[in-house]
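Chain and residue survey
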Amino acid sequence: MFNLILFGPPGSGKGTQSANVVATYRLHHISTGDILRSEVDRGTPLGVEARKYMDQGMLVPDEVVIGMISSRIDETPDARGFIFDGFPRTRAQAEALDRLLEFKQTEIHLVLSLEVPEAELIRRLIDRGATSGRSDDTEEIIAQRIKEYHAKTAPVADYYQTQGKLEKIKGDYSVEETFRLLSREIEKYLLPA
Ligand code: B4P
């Protein structure tokens, strides 16, 4: 089993590159953003609660997100491995993920951190907001999401750096070139399926 985290600020390309990684390496994709948006769209109690945070550019509380992840991992016991996209976003989430994986006698093998200048992040998200209809891609909410990232999520990189698992990848090239750089790191562990 090979377990990968795609890490980075909002708009750094985690969702975009996850699709490429899944297509090439057949890892099971777990995106907390996608799961939360699906709960919001279906109007579930979890979605109604999560929306209050997402529409303000805030992180959804840890206990909500950790519970979601645990059940998703259990649903696919035969996976070749997992790609975690947008999770963990706090140190408490990172510690919980370590415990969950340890219980399954596995671990995180690699954390790829997409590094993109802030002006480019804002440009991408405003562009996406113009077409995607995502309610959190407005200038004011994007600024809050980036603030939240610096306060709560950026320290998660140090957590994995200490474990010797973090690799920084320049993420402001084209989608194809960024994927080539990610693949170079992944293929130290895993070949395409
Ligand atoms: P997410 O869904 O994770 O969204 P994101 O961080 O904004 O986007 P991502 O980095 O995936 O960017 P993308 O590839 O789409 O989170 C949304 C919200 O959910 C959070 O604010 C939070 O409230 C909540 N949430 C999610 N997970 C949580 C957790 N674990 N704990 C608590 N709360 C949580 O790329 C963005 C744009 O850039 C796209 O339009 C794309 O086409 C473009 N792009 C990508 N790569 C490019 C490139 N190389 N060049 C040019 N454009 C590029």
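Shown above is the structure to which this text applies.
Just so it is clear, the model here is predicted, and its values are computed rather than measured.

Our focus in this paragraph is the site of the ligand. In the neighbourhood of the ligand, 29 residues make up the surrounding shell, with T16, T32, R128, R145 and Y173 lying closest. S12 places a main-chain nitrogen or oxygen 3.4 Å from an oxygen atom of the ligand. Within the side chain of K14, an N or O atom sits 2.8 Å from an oxygen atom of the ligand. Look at the ligand: alone it shows 1000 Å² of surface, and the protein chains cover 87% of it. Of all elements in the fold, only α1 (14-25), α2 (32-42) and α6 (118-132) reach the threshold of two or more residues within the shell around the ligand. Its residues assigned to classes, the shell around the ligand shows eleven nonpolar, ten polar and eight charged.

Turning to the packing of helix α5 (residues 91-103) against helix α7 (residues 139-162), a few remarks are in order. Packed helices, taken two at a time, are described by their axes: the angle between them and the distance between them. Contact geometry for α5 and α7: axes closest at 8 Å, N-to-C directions at 40 degrees. By the criterion of interaxial angle, the relationship of α5 to α7 is oblique. For the pair α5 and α7, the contacting residues are R91, A94, E95, L97 and D98 in the first and V156, Y159 and Y160 in the second. For the contact of α5 with α7, the residue count by class is five nonpolar, no polar and three charged.

Here we take up the sheet that holds strand β3 (residues 82-85). Read from one edge to the other, the open sheet built from five strands follows the order β2-β3-β1-β4-β5, with strand pairing classed as parallel. The sheet is open, and its two borders are formed by β2 (28-31) and β5 (166-170), each paired with just one other strand. Pairs of neighbouring strands in the sheet enclose a mean axial angle of 20 degrees, with direction left out of account. Bridge count between β2 and β3: four bridges; the pairing is parallel.

With that settled, the discussion passes to unusual backbone geometry. P88 follows F87 through a cis peptide bond whose omega is 0 degrees. Mapped onto the elements of the fold, P88 is located in the loop between β3 and α5. Of note, R26 is a non-glycine position whose phi angle comes to about 55 degrees, a positive value. Relative to the helices and strands, R26 is located in the loop between α1 and β2. By relative accessible area, R26 is classed as exposed at 53%. Backbone geometry at Q105 places phi at a positive 55 degrees, although glycine is not the residue there. Considering the arrangement of structural elements, one finds Q105 in the loop between α5 and β4 (110-115). Classification of Q105 by relative accessible area gives exposed; the value is 76%.

Applying the stated criterion across every chain, the model contains five aromatic pairs. Ring geometry for F2 against Y189: centres 5.4 Å apart, planes inclined by 35 degrees, an arrangement best described as tilted. With F2 in the segment before β1 (4-7) and Y189 in the segment after α8 (175-186), this residue pair connects regions lying 187 residues apart in the sequence. By relative accessible area, Y189 is classed as partly exposed at 46%. A ring pair is formed by Y159 and Y160, whose centres lie 5.0 Å apart and whose planes are at 90 degrees; its orientation type is edge-to-face. Accessibility expressed as a relative area gives 11% for Y159, which makes it buried. Looking at Y160, the relative accessible area reads 1%, which means it is buried. An aromatic cluster is present here, built from F82, F84 and F87 joined pairwise through their rings. The ring of Y173 carries K170 above its face, with NZ or CZ at 5.0 Å from the centroid.

The rules behind each value
The numbering scheme is per chain: residues are counted from 1 as the chain's sequence reads. With pLDDT at 70 or above as the cut-off, local features in this predicted model cover only qualifying residues; side-chain atom pairs require 80 or more to be listed or tallied, and sums for whole chains, interfaces and linings still use all residues. Only hydrogens and water are removed before side-chain values are computed, so all heavy atoms of the structure are retained for them. Any residue with a heavy atom lying within 4 Å of a molecule or strand is counted as near it. We call two N or O atoms a polar contact when they sit within 3.5 Å, provided that within protein one can donate a hydrogen and the other can accept it, with sequence-adjacent residues counted only if both atoms are side-chain atoms. Per-residue and other accessible areas follow the Shrake-Rupley method at a 1.4 Å probe size, with only the shown protein chains counted as cover for residues. Only DSSP runs of H or I covering at least 4 residues are called helices, and only runs of E covering at least 2 are called strands; the numbering of each starts at the N terminus. In this classification, Asp, Glu, Lys and Arg are treated as charged, Ala, Val, Leu, Ile, Met, Phe, Trp, Tyr, Cys and Pro as nonpolar, and every other residue, Gly included, as polar. Lines fitted to the C-alpha atoms define the axes, with helices restricted to the stretch that makes contact. Angles between their N-to-C directions range from 0 to 180 degrees. By definition in this entry, angles of less than 35 degrees are roughly parallel, angles greater than 145 are roughly antiparallel, angles of 65 to 115 are roughly perpendicular, and the rest are oblique. Residue contacts follow a heavy-atom distance rule, with two residues in contact if any of their heavy atoms lie within 4.5 Å. Should DSSP find at least two bridges between two strands, the strands are regarded as paired. Between buried and exposed lies partly exposed: a residue is buried under 20% and exposed over 50% of the maximum accessible area for its type, with that area taken using a 1.4 Å probe on protein chains only. Side-chain rings of Phe, Tyr and Trp, where Trp is taken by its six-membered ring, are said to pair if the distance between their centres is within 6.5 Å; with planes under 30 degrees apart they count as stacked, over 60 as edge-to-face, and otherwise as tilted. By definition, being over a ring means that NZ of Lys or CZ of Arg is both within 6 Å of the ring centre and within 35 degrees of the ring normal.

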